[in-house]
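# Residue-level structural notes
Residue strings, one per chain:
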Amino acid sequence: MEFLKIICVVIAGVILAIKLKGIGSPLWVYLSMALSIFVMGYIIVRLTFVIDFLEKILEDIGMESGYFEILIKILGISYLCEFASNICKESGFIAAAGQIEIGGKITMMVMSIPILMAIVQTIGEIL
């Protein structure tokens, strides 16, 4: 039910941004960014609950949390890159949006190397 309120605020903000864009005011870009940050803040609060829950499960089963932390960081990079890319696209900076997406993908690939190495090592031990 809480998310319904957020959706209503965002829809009202989008309608206002469309009106501002229609009259030629540059304030629509800032309103668009503010709405995006508002929604992202809500999502981050919800994700912290899920992350805390998953960390507790990992502790209970005795699994190493190092790889889990890497996966969470990669997920965060993915969300932030998409967020920044969408703002760039909305503002008309398509090339910058593409560069953010490529940079994010490369960063996620580099961060995933320890997990890949652990998988290769495990396969090597089995064989």
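Residues numbered from 1 in each chain as written. Predicted model: local features only at pLDDT ≥ 70, side-chain atom pairs only at ≥ 80, totals over all residues. Heavy atoms only, no water.

This part takes up the pattern of salt bridges. Counted under the stated rule, the structure contains 2 salt bridges. Of the charged contacts, one joins E2 and R46 as a salt bridge, the two residues approaching to 3.4 Å between their closest N and O atoms. In this pair, E2 is assigned in helix α1 (residues 2-22) and R46 in helix α2 (residues 27-61), connecting sequence segments 44 residues apart. Taking the relative accessible area as the measure of exposure, R46 reaches 42% and is therefore partly exposed. K89 is the partner of E101 in a salt bridge, and the nearest nitrogen-oxygen pair spans 3.1 Å. Residue E101 is found in helix α4 (residues 94-111), and its partner K89 is found in helix α3 (residues 66-91); the two are separated by 12 residues along the sequence. Judged by relative accessible area, K89 falls into the partly exposed class, the value being 40%. (Salt bridge = Lys/Arg side-chain N within 4 Å of Asp/Glu carboxyl O. Helix = DSSP H or I, 4+ residues; strand = E, 2+ residues; numbered from the N terminus. Buried < 20%, exposed > 50% of the residue type's maximum accessible area, 1.4 Å probe, protein only.)

Turning our attention to the layout of surface pockets. Looking at the largest pocket, its volume works out to about 630 Å³. The wall of the largest pocket is formed by 26 residues, among which S36, V39, M40, I43 and F83 lie closest to the centre. Of all the elements in the fold, those that place two or more residues in the lining of the largest pocket are α1, α2 and α3. Per-element tally for the lining of the largest pocket: the top contributor is α2, with 11 residues. Among the residues forming the lining of the largest pocket, the class breakdown is 18 nonpolar, 5 polar and 3 charged. (1 Å grid on protein atoms, 1.4 Å probe; cavity = no way out; pocket = protein on both sides within 12 Å on 5 of 7 lines; lining within 4 Å. Points joined across faces, edges and corners; volume = space filled by probe spheres on them. Nonpolar A, V, L, I, M, F, W, Y, C, P; charged D, E, K, R; others polar.)

Turning our attention to a negative patch on the surface. The grouping of D52, E55, E59 and E69 at the surface amounts to a negative patch. Ranked by residues supplied to the negative patch, first place goes to α2 with 3 residues. Inspection of the secondary structure puts E55 in helix α2. E55 gets classed as partly exposed once you look at its relative accessible area, which sits at 32%. (Patch = residues over 30% accessible without salt bridge, like charges linked within 9 Å, V, L, I, M, F, W, Y side chains within 5 Å. Areas by Shrake-Rupley, 256 points an atom, 1.4 Å probe, with all protein chains shown as cover. Lys, Arg positive; Asp, Glu negative; His and termini not counted. Charge placed at Lys NZ, Arg CZ, Asp CG, Glu CD.)

Take the packing of α1 against α2 next. At a closest axis distance of 8 Å, the pairing of α1 and α2 adopts a crossing angle of 165 degrees. On the basis of their axis angle, the class for α1 and α2 is roughly antiparallel. In terms of crossing hand, the pair formed by α1 and α2 is left-handed. Judged by residue contacts, E2, F3, I6, V9, V10, G13, V14, L16, A17, L20 and K21 of α1 engage L27, W28, L31, L35, F38, V39, Y42 and R46 from α2. Its residues placed into classes, the contact of α1 with α2 shows 15 nonpolar, 1 polar and 3 charged. (Axes fitted to C-alpha atoms, helices over the stretch in contact; angles between N-to-C directions. Parallel < 35°, antiparallel > 145°, perpendicular 65-115°, else oblique. Left-handed = near helix turned anticlockwise from the far one by under 90°. Contact = heavy atoms within 4.5 Å.)

We now examine the environment of L31. Within the secondary structure layout, L31 lies in helix α2. In sequence terms L31 and L20 are 11 residues apart; their C-alpha atoms lie 9.3 Å from each other. Excluding residues that lie within four positions of it along the chain, L31 makes contacts with G13, L16, A17 and L20.

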